[in-house]
Amino acid sequence: RKLMEENASMALNHEFLPVERRKTVARMAWRNFVQGLYETAYTLYTSRDMICASVAIEGEEYLKQALEKGKGVIALGAHLGNFTMIGPRVAAAGYPFSILVKHPSDQRLARLLDGYRAKTGVKTISAKPRRQAARQILGALRRNEVVCVLPDVFKSGKVNTQFLGSAVYVRRGPVTLALRAGAAVVPMCVTRDAEDRLTLRISPEIDLVKTGDLQEDVTANLTLFTHHLEDM
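Reading guide: rules and limits
Residues numbered from 1 in each chain as written. Predicted model: local features only at pLDDT ≥ 70, side-chain atom pairs only at ≥ 80, totals over all residues. Heavy atoms only, no water. Phe/Tyr/Trp six-rings, centres within 6.5 Å; stacked < 30°, edge-to-face > 60°. Helix = DSSP H or I, 4+ residues; strand = E, 2+ residues; numbered from the N terminus. Contact = heavy atoms within 4.5 Å. Polar contact = N/O pair within 3.5 Å; in protein donor to acceptor, adjacent residues only side chain to side chain. Salt bridge = Lys/Arg side-chain N within 4 Å of Asp/Glu carboxyl O. Buried < 20%, exposed > 50% of the residue type's maximum accessible area, 1.4 Å probe, protein only. Axes fitted to C-alpha atoms, helices over the stretch in contact; angles between N-to-C directions. Parallel < 35°, antiparallel > 145°, perpendicular 65-115°, else oblique. Left-handed = near helix turned anticlockwise from the far one by under 90°. Nonpolar A, V, L, I, M, F, W, Y, C, P; charged D, E, K, R; others polar.

Give a detailed account of the packing of aromatic side chains, specifying residues and quantitative values.
According to the stated counting rule, one finds 3 aromatic pairs in the structure shown. Aromatic ring contacts, followed pair by pair, group Trp30, Phe33 and Phe83 into a single cluster.

The following block contains the structure:
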């Protein structure tokens, strides 16, 4: 709860977010998360048409345009709104979809969750071991599929960019893979409105920086990715 309140204060500016309001925002965020798990579990027992009917979609044309290039799409997502519905909604629309996941240490639970995702048409790529994950991601991109990554779990330590005014360390993997594969990077998130209606929002493809200097390109695109996460 303390971490959620700190994050809300950072994102919404503590000067305009009194302590009681901060607590309310944290409770609302937790309610949204739990409700999202319920909604995602419900997709295991419903049809693709029902999934499409329960989650509106905006900007699908941007995904189609990106796939027309034939080099796959990296869906840049975030732990925002009902993020667990990104995969089921995109898969229900008929797009081959995989998601990069950090598995829990309990292998039985990991297999169970992978099975649940498979029932909704979502393939799982384990984040570890890294080389195997990279091979699987590149393979999916070569098949012109959609691979979702949620890179907004920032690490402390080495600083390489700013997020909402704070110095953070961002994983380089998504940027490196996008540059290596020539894949399109398309931001996606599922938001909830005041009436509890969900919408998958797909943004235009990110225009990646490509100067030919790999180190500079990675650094520049990390900053670019982070700005898009801030916009979400």
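Requested: an account of the environment of Tyr95, with residues and values cited.
Tracing the backbone shows Tyr95 in the loop between helix H5 (86-92) and strand S3 (97-101). When the C-alpha positions of Tyr95 and Val146 are compared, they lie 7.1 Å apart, and in sequence the two are 51 residues distant. Those residues in contact with Tyr95, other than ones at most four positions away along the chain, are Glu60, Leu63, Lys64, Leu67, Val90 and Val146. A polar contact is formed between the side chain of Tyr95 and the side chain of Glu60, at a distance of 2.6 Å.

Give a detailed account of the pattern of salt bridges, specifying residues and quantitative values.
Per the counting criterion, the structure on display carries 11 salt bridges. The salt bridge involving Glu58 is made with Arg201; its shortest N-O contact spans 2.8 Å. Here the residue Glu58 occupies a position in strand S1 (residues 55-58), and Arg201 occupies one in strand S9 (residues 198-202), the gap between them amounting to 143 residues. Given a relative accessible area of 41%, Glu58 falls into the partly exposed group. When the shortest N-O distance is used, the salt bridge between Lys123 and Glu145 registers 3.1 Å.

How would you explain the packing of helix H8 (residues 173-181) against helix H9 (residues 214-231) if you had to name every residue and give the values?
Put simply, H8 and H9 touch, their axes get as near as 9 Å, and they point 120° apart. The angle between the axes of H8 and H9 places the two elements in the oblique class. Note on packing geometry: the crossing formed by H8 with H9 is right-handed. For the pair formed by H8 and H9, the contact residues are Pro174, Val175, Thr176 and Leu179 on the first element and Leu214, Asp217, Val218, Asn221, Leu222 and Phe225 on the second. Looking at side-chain class alone, the contact of H8 with H9 contains 7 nonpolar, 2 polar and 1 charged residues.

Could you give an account of the packing of helix H7 (residues 130-142) against H8, naming the residues involved and the relevant values?
At their nearest, the axes of H7 and H8 sit 11 Å apart, and the two run at 45° to each other. In terms of their interaxial angle, H7 and H8 are classed as oblique. Handedness of the crossing formed by H7 with H8: right-handed. Note on element contacts: H8 touches H7 through Leu177, Arg180 and Ala181, opposite Ala134, Ile137, Leu138 and Leu141. Its residues assigned to classes, the contact of H7 with H8 shows 6 nonpolar, no polar and 1 charged.

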